[in-house]
Amino acid sequence: MQKLSTLALGLSLLALLLLVKIQSDQSLELLASSLSRQVFVRNYPTSAFDDQTIELVSPQPLPNILTAVATPSPQPLIIASVTEAEIKISSPAVDVLASPTPIPKISAEPTPTPLPTSHPIPTFAQQRQALLTPITQNAPAGSLSGDKIFDLTNAYRKSKGLSELQKDERSCELARSRAPEIMDEVRTGTMHKGLTDRNLPYWNNENIAYYNTEEETVRWWASDDIHRRQLEGNFKYSCAACYKNACAQELTNFSPK
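Treat the numbers as computed from the prediction; the structure is a model and nothing was measured.

Draft legend 1. Representation of the sheet that holds strand 3 (residues 237–243) within the structure. Strand order in the open sheet formed by four strands is 1-3-4-2, and the pairing between neighbours is mixed. Edge strands, defined here as strands with exactly one partner in the open sheet, are strand 1 (166–167) and strand 2 (202–210). Two elements, strand 1 and strand 3, share two bridges in a ladder whose sense is parallel. Pairing of glutamine 166 across the sheet is with tyrosine 237, part of strand 3. Docked against the sheet, helix 3 (residues 146–159) engages strand 1, strand 3 and strand 4 (246–256), running at close to 140 degrees with respect to strand 3. Where helix 7 (residues 214–223) meets the sheet, its contacts fall on strand 2 and strand 4, and the angle it forms with strand 2 comes to roughly 120 degrees.

Structure follows, in structure tokens:
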């Protein structure tokens, strides 16, 4: 509506300008005609030419051309009315009934965390003694027999013309503590690590294996060059123990390092 009002007002002004121009042209023509009729020269005899004068007759007053211009009527002010249905104001819904999230209270004095109870660090001698102390773990039912491996080993040595080995309880304790460690060492490729970590005060050799029977265990030791040299070695004492299918055989003379 506002654009239409502006357009109508512009057209009215243009028409007014055109009307003013037309009236101006007509007034100029009227003025020229009036002057041609009212301005003249009074001639005198030729003998008196030097005394010839020109008398101008004052023209009649010009008509007021502005009064002829039609004054445009004022354009009415048009105010467009907008109903509430035409105004759509979108605003995010606000849940005025929602309760605000409570702010946690921060204590000015934090509760001190109790320090763990300190334990005395064992001495080197105590640590070494702990390594030397065998950790006896009962073999589960169905484990291979360390005694049978001991007998099969002596039978093999006898077939080679070698002296039989003697069973010693110290070697048996070491074998029983080593047997549960064999499976992890074989799986991680760190064979004999448990024996090395003990740092025994005497020289000790060890065979380990993981097979289904005692015969397969001794047969594999005899087929491998390194293990065979230990089966046939110049040892006096030995003992074997198994944890499930993992077996450890200790061979020594208890010679101090």
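Draft legend 2. Geometry of the confidence of the model for the chain. Scored by pLDDT, the chain comes out at a mean of 73, with 52% of its residues at no less than 70. Averaged over each element, pLDDT in the chain is lowest for helix 2 (residues 124–132) (47) and highest for strand 1 (98). Low confidence marks residues 65–71, where pLDDT is under 50. Its contacts with residues over four positions away, or in another chain, come to eight contacts.

Draft legend 3. Representation of the pattern of salt bridges. Under the definition given, this model contains twelve salt bridges. Between arginine 176 and glutamate 169 there is a salt bridge, and its shortest N-O distance comes to 2.7 Å. Accessibility expressed as a relative area gives 47% for glutamate 169, which makes it partly exposed. Two residues, aspartate 225 and arginine 228, come together in a salt bridge whose shortest N-O distance is 3.0 Å. A residue pair is termed a helical-turn pair when its members lie 3 or 4 positions apart in one helix, as aspartate 225 and arginine 228 do in helix 8 (residues 225–231) at three residues. The network of salt bridges with shared partners includes Arg178, Glu181, Glu185, Arg198 and Glu206.

What counts and what doesn't
- Residues numbered from 1 in each chain as written.
- Predicted model: local features only at pLDDT ≥ 70, side-chain atom pairs only at ≥ 80, totals over all residues.
- Heavy atoms only, no water.
- Pairing = 2+ DSSP bridges.
- Helix = DSSP H or I, 4+ residues; strand = E, 2+ residues; numbered from the N terminus.
- Contact = heavy atoms within 4.5 Å.
- Axes fitted to C-alpha atoms, helices over the stretch in contact; angles between N-to-C directions.
- pLDDT = per-residue confidence, 0-100.
- Salt bridge = Lys/Arg side-chain N within 4 Å of Asp/Glu carboxyl O.
- Buried < 20%, exposed > 50% of the residue type's maximum accessible area, 1.4 Å probe, protein only.

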